[in-house]
Structures are given as structure tokens and as C-alpha cells.
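Descriptive analysis of the structure
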Amino acid sequence: MAKSTVKEFQIIERYFHGRGQARKDVRLGIGDDCALVQPAEHKSIAISCDTLVENVHFLPDMPAQALGYKALAVNLSDLAAMGAEPAWMTLALTMPSVDETWLEQFSAGLFEAADYYGISLVGGDTTRGPKAINITVHGQVPEGKALIRSGARAGDWIYVTGSLGDSALGLDIIRGELKARAEHKEYLVNRHYHPSPRVLAGQSLRGLASSAIDLSDGLLSDIKHILKASAVGAVIEVDKLPLSQAMKDTVTADAALDYALCGGEDYELLFTVPEAQRGALETALGHAGVKFYQVGQILAGNQLRLQYHGEVFEPQQTGFEHF
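Conventions and cut-offs
- Residues numbered from 1 in each chain as written.
- Predicted model: local features only at pLDDT ≥ 70, side-chain atom pairs only at ≥ 80, totals over all residues.
- Heavy atoms only, no water.
- Helix = DSSP H or I, 4+ residues; strand = E, 2+ residues; numbered from the N terminus.
- Expected span 1.5 Å × (residues − 1).
- Buried < 20%, exposed > 50% of the residue type's maximum accessible area, 1.4 Å probe, protein only.
- Polar contact = N/O pair within 3.5 Å; in protein donor to acceptor, adjacent residues only side chain to side chain.
- Pairing = 2+ DSSP bridges.
- Axes fitted to C-alpha atoms, helices over the stretch in contact; angles between N-to-C directions.
- Contact = heavy atoms within 4.5 Å.
- Parallel < 35°, antiparallel > 145°, perpendicular 65-115°, else oblique.
- Nonpolar A, V, L, I, M, F, W, Y, C, P; charged D, E, K, R; others polar.
- Left-handed = near helix turned anticlockwise from the far one by under 90°.
- Core = buried A, V, L, I, M, F, W, Y, C linked by side-chain atoms within 4.5 Å.

1. Here we look at helix H3 (residues 100-117)
Every α-helix winds through 3.6 residues per turn, so residues three or four apart in the chain are directed the same way. End to end, H3 covers 26 Å across 18 residues, agreeing with the expected 26 Å (1.5 Å per residue, within 8%). The set of residues buried in H3 consists of Trp 102, Leu 103, Phe 106, Ser 107, Gly 109, Leu 110, Phe 111, Ala 113, Ala 114 and Tyr 117. Where H3 starts, the residue carrying a side-chain oxygen 3.2 Å from the main-chain nitrogen of Thr 101 turns out to be Asp 99.

See the structure below:
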């Protein structure tokens, strides 16, 4: 491992300053006590912050490039769930020592995601301590158009994007707890290391979805946040959950459903749509290039019911827990 005595300002200058998007709305970026940004007219600012801690949110041997990419992607997923357009970010990086090889790879992954999603690094901090990455992202959304958790109403239909459970299965493969065919292993591990925040899909759902949330802790856990915020119940049709071919070929049917319900870190979108807006979904999400699936319906009351081909379904797990 290449370690050195590089100082804080040298780290910032060498690995983070002057990289990524040069946005016109950044009036003053890295190098001063604060960044200055200029929000667009009639836009609200959406802000989200996530911390990733070694041995809690990521394994010590996780590739640095993947960690840099994922650290930003998980934050962008929160912006996606609000229908926001990514704009700016800050980074607070804590390391036990300076490892220049690690920093080079980490920053490459970070700016790969930043460049793709059009977000600019405008400030942050570096310090010594147990390895941890804290990123705060800022996005913009038209006033009054943000997707929120509290808008679901009885009769609304429940949808998810993408396929479910792949990231959790990928993690189990990384940890050596399961094996998969070579082509499936590559896909599943990539789903864990390089999630795809559904930013464009979230923007496309503005004016259509009555509520939305990103799937970070698993469908079974995350839908409860919508139900609580909206004071409603729901039925989930477990037989309609979208499963990848890699999932189907790697584990049993029962295990696949548990992964889909309880596996975390998919960073897909879970959203509800009133009956009157269902016809507009195909056009809206077709533009975003994202597959979506109807998996249930919002009900009156406060109960969450799972059913499989009309029968009551009991999952073997209850939700995702970080390792």
C-alpha cells in the first residue's frame, strides 16, 4: 500500500480540487471558507446527507473505486426519490492514514458518478480517524413539485423500478456465503458495488406519483415509511415482485422472494400512482429508460398485508440490517 505524509490541503488539491463538473451556478467552489452557489429561479433546494463507515456500511477490502462511486450514488438516490435534479455536493473524508493509491482510485470512482449525473464538488473536509465517508448532496426541484412520502391515498397503485434483491445477493456472494455462475456473479456484485440511482425516473414522476421513496433498506422496511407518513395501509402481491434472471438461477424461489422483500441497498424507486395517472406512466418512464412493475395497492387503514397468488405470505426475514 502506498502511504505518505501528504497534508490535508495537498490531498484536496491533488485528488479533489478542479475535478468534476464546472457548473455555471457555482459562484465560488473549493478553496474558501464556504462555497457559494446560485439556485435557479422558482426552484426548491433538496438536501440529503449519508455517512458510510468501514465495517458498518462497507467491508475493508471493498475496491476504492467502487466505494467512491457508491458513496455518491446512494446520496443521489435520495434526490431521485424526491424528483430532484442533482447540482452540488460536499465531501467529508476520514482516514486512519494517507494512502495515495486508495485516494486516486476513490476519487476516480467519485468523479465517475459526479460527471455522469452532472454534480459539482463544492467543498468538504479531510481528517484522521477510522475510515468514513460523509457526502451531502444538494439538488433542485421545481417549487411544489417534489415527490414526498405523505401523499399516498387508498386506491393508489404501488410500483417499483428495476429488479429487487440483487444487491443483497451480490453482498452475500462477495462475502463468500453463496456462489453464482461467472456471468451472474459479475452482474450481482456490480449491482452491489455500482448501484444506479434512478435520477431521471424520479424527475419523470413529478406530477404523476403521489408518493415515493428509494429502496435502501428493502421493500418491506421502506414501504412502511410511506404508509406511516400517509396514514394508509397496503397490500403487496409478492408473486409480482420483479426478479432478475441472475437471482432466479442462483437461489431457491423462497430465498429469492426474501431477498426481494428484505434485501437492502437496491436503490430502486418505490412509488405510488393514482388510477387517473396510470396511463401516463409508460410514456414518462419510457423516456427515462427504466422498467417498472406494479406490485400492490394502497388500502384504507394502517395494515401492511403480503399475499402470494391471493394467499397470505409470511417472509422468513423482517428487513435489512447493515453488516
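There's more to say after this.
2. Comments concerning the sheet that holds strand E3 (residues 43-53)
Taken together, the 4 strands give an open sheet; going across it, the order is E3-E6-E4-E5, and neighbouring strands pair in mixed fashion. On the outer flanks of this sheet lie E3 and strand E5 (120-128), each paired with one strand and no other. The sheet shows a mean angle of 15° between the axes of neighbouring strands, direction not considered. Of the strand pairs in this sheet, E3 and strand E6 (residues 132-142) are connected by 11 bridges, and their pairing is antiparallel.

3. Looking at the sheet that holds strand E9 (residues 233-237)
With respect to topology, 7 strands assemble into an open sheet ordered E8-E10-E7-E11-E9-E12-E13, the strand pairing being mixed. Where the open sheet ends on each side, the last strands, each with one partner, are strand E8 (211-214) and strand E13 (311-312). Looking at chain direction, E8 and strand E10 (residues 269-273) are connected through 4 bridges and run antiparallel. Following the sheet pairing, Ala 212 is matched in E10 by Phe 271. Against the sheet, helix H7 (residues 219-230) touches strand E7 (157-161), E8, E9, E10, strand E11 (292-299) and strand E12 (304-308), its axis set at about 145° to E8.

4. Some remarks on the packing of helix H4 (residues 166-174) against helix H5 (residues 182-193)
Viewed as axis vectors pointing N to C, H4 and H5 meet at an angle of 110°, and their least axial separation amounts to 7 Å. Between H4 and H5, the angle falls in the class roughly perpendicular. Each of Asp 166, Ser 167, Leu 169, Gly 170, Leu 171, Ile 173 and Ile 174 in H4 lies in contact with H5, whose residues at this interface are Lys 185, Tyr 187, Leu 188, Val 189, Arg 191, His 192 and Tyr 193. Residues that form the contact of H4 with H5 fall into these classes: 8 nonpolar, 3 polar and 3 charged.

5. Describing unusual backbone geometry
Even without being glycine, Asn 55 reaches a positive phi, approximately 70°. In this structure Asn 55 comes out as partly exposed when scored by relative accessible area, which is 46%. Look at His 309: it is not a glycine, yet its phi comes out positive at around 50°. Considering the arrangement of structural elements, one finds His 309 in the loop between E12 and E13.

6. Points about the packing of helix H2 (residues 64-82) against H3
At a minimum axis distance of 6 Å, the contact between H2 and H3 shows a crossing angle of 35°. Note on packing geometry: the crossing formed by H2 with H3 is right-handed. Facing Ala 64, Gln 65, Leu 67, Gly 68, Tyr 69, Leu 72 and Leu 76 of H2, the residues of H3 in contact are Trp 102, Gln 105, Phe 106, Gly 109, Leu 110, Glu 112, Ala 113, Ala 114 and Tyr 117. Tallied by class, the residues present in the contact of H2 with H3 amount to 11 nonpolar, 4 polar and 1 charged.

7. Some words on the environment of Gly 31
Of note, Gly 31 is situated in the loop between strand E1 (26-28) and strand E2 (36-37). Taking C-alpha positions, Gly 31 is 7.7 Å from Gly 123, a pair spaced 92 residues apart along the chain.

8. Points about the nonpolar core
In this structure, Leu 72, Met 89, Ile 133, Ile 135, Phe 271 and Leu 281 are the most contacted members of the largest nonpolar core, which totals 64 residues. One finds Ile 223, Leu 261, Cys 262 and Leu 306 within the second-largest nonpolar core, a separate group that totals 25 residues.

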